[in-house]
Amino acid sequence: GNHTQPEFILLGITDTPWAQAPLFGLFLLIYIVTLVGNVGLMVLVWVAPSLHTPMYFFLAHLSLADVCYSTVISPRMLTGLLFGNKTISWAGCVTQFHLFALFVTAECHLLVAMAYDRHVAVCHPLLYATAVSPRACWQLVAWSYLVASLSALVHTSCTFGGSFCGPRRVDHFFCDASPVLRLLCSDTRGSEAAIFALATATGLGTGAVILLSYGRILHAILGMRSVPSRARAFRTCASHLVSVSVFYGTLFFMYLQPASRHGSRDKVASVFYTVVSPMLNPFIYSLRNKEVKAALGKCRRRM
């Protein structure tokens, strides 16, 4: 494509002057909590032998993906809110979108791996040691990043492969596919169809596997005789499903609708899966668990 113009202009979340400072404070707080929660969980899983299990292995990689794609988005957004610096180079825009697509897609597949882990643990406990061995865990994580890398390459090629003309004003707070495609001079129907097909295959495919796994888990939980165990397992599954529903719901809203229906509500939906969801995941998936609390207590006593 014609990439002679050196910069894009990110219009940001809002152009209302009085809203810039409050939004900066809110999103800075959320980003700090995201970093502390996710990095803290990764360090805890690394140093605590009691957490060297497949479930926390997948959780550590989920936290890594959350930190990475949140860091790809949030610092740039905070800079724009604080200093009003809305320009981003063409290379920076491509890199931001590519990394964002990579880690978001990796998170979808990591959620599948976590659902598989819980399904085997609850429904087939006697096969757990062999079905979720350390080698199998590494293979699932490697597969997640491999598929995500290939998917991100296709997304990036389709989004930035055409010719740009006129002012490069991206009506978003980061370089996303839909607002960037609106700036292309060339016909975008092929690119939009390819992105839609890939997003549909990734989102609906991984989402269906997760729902099927948790459906089997809930069925097994309802068959438990111990009421306290049933209630504890049900609360864990319910909280996980809430997090998955928020993440997938906003992704489906953004990428599984025609390009003509995209509008100002896209920014609100994007905030949920780029800013809010990475902050909530450590609390929903791990920090409520007794094992994590016990590991935190041991680390505190050692310090």
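This structure is a prediction, so every number in the text was calculated from the model and none was measured.

(A) A look at the packing of aromatic side chains. Enumeration over the complete set of coordinates arrives at twelve aromatic pairs. Centroid distance F57 to F58: 5.7 Å. Interplanar angle 65°. Geometry classified as edge-to-face. These aromatic residues form a ring-pair network of at least three members: F8, W90, F97, F160 and F164. It is R168 that lies over the ring of F8; its NZ or CZ is 4.9 Å from the centre.

(B) Region of the structure containing the pattern of salt bridges. In the structure shown here, the tally under the stated rule is three salt bridges. For the salt bridge of D171 with K267, the shortest nitrogen-to-oxygen distance reads 3.0 Å. Here the residue D171 occupies a position in the loop between β3 (169-170) and α6 (177-181), and K267 occupies one in helix α9 (residues 265-285), the gap between them amounting to 96 residues. According to the relative accessible area criterion, K267 is buried, its value standing at 14%.

(C) Up close: helix α3 (residues 90-123). With 34 residues, α3 ought to run about 50 Å at 1.5 Å a step, and its terminal C-alpha atoms sit 49 Å apart, in line with that. By the criterion of burial, α3 is predominantly enclosed, with 24 of the 34 residues buried.

(D) Summary view of the state of the cysteines. In total, this model carries one disulfide according to the counting rule given. With a sulfur-sulfur separation of 1.9 Å, C93 is cross-linked through a disulfide to C175. Here the disulfide of C93 and C175 is left-handed, its torsion about the S-S bond being about -120°. Of this pair, C93 sits in helix α3 while C175 sits in the loop between β3 and α6, and the two are 82 residues apart along the sequence. Taking the relative accessible area as the measure of exposure, C93 reaches 0% and is therefore buried. C68 carries a free sulfur, and the closest cysteine sulfur to it, the one in C108, is 15 Å from it.

(E) Quick peek at the UniProt feature "transmembrane region" (unreviewed entry) in the protein. Within the UniProt annotation, "transmembrane region" (unreviewed entry) is assigned to residues 23-48, 55-77, 97-116, 136-154, 193-212, 233-256 and 268-287. This span, residues 97-116, is 100% helix and 0% strand, and a straight line between its end C-alpha atoms measures 29 Å. Helix makes up 100% of residues 193-212 and strand makes up 0%, while its end C-alpha atoms are separated by 28 Å.

(F) Representation of empty space enclosed by the protein. Tallied over the full model, the rule gives four cavities of 30 Å³ or more. For the largest cavity, the calculated volume is near 260 Å³. Forming the boundary of the largest cavity are 18 residues, of which V104, H155, A199, L251 and Y255 lie nearest the centre. Of all the elements in the fold, those that place two or more residues in the lining of the largest cavity are α3, α5 (134-160), α7 (189-222) and α8 (227-255). No other element matches α3, which puts six residues into the lining of the largest cavity. Its residues assigned to classes, the lining of the largest cavity shows twelve nonpolar, five polar and one charged. If you trace the second largest cavity, you find 13 residues lining it, with L10, G12, M77, G80 and L81 closest to the centre. At four residues, helix α2 (residues 54-83) tops the list of elements feeding residues into the lining of the second largest cavity.

Calculation criteria
Residues numbered from 1 in each chain as written. Predicted model: local features only at pLDDT ≥ 70, side-chain atom pairs only at ≥ 80, totals over all residues. Heavy atoms only, no water. Phe/Tyr/Trp six-rings, centres within 6.5 Å; stacked < 30°, edge-to-face > 60°. Lys NZ or Arg CZ within 6 Å of the ring centre and 35° of its normal. Salt bridge = Lys/Arg side-chain N within 4 Å of Asp/Glu carboxyl O. Helix = DSSP H or I, 4+ residues; strand = E, 2+ residues; numbered from the N terminus. Buried < 20%, exposed > 50% of the residue type's maximum accessible area, 1.4 Å probe, protein only. Expected span 1.5 Å × (residues − 1). Disulfide = S-S within 2.5 Å. UniProt positions renumbered as here; feature names shortened; annotations may be inferred. 1 Å grid on protein atoms, 1.4 Å probe; cavity = no way out; pocket = protein on both sides within 12 Å on 5 of 7 lines; lining within 4 Å. Points joined across faces, edges and corners; volume = space filled by probe spheres on them. Nonpolar A, V, L, I, M, F, W, Y, C, P; charged D, E, K, R; others polar.

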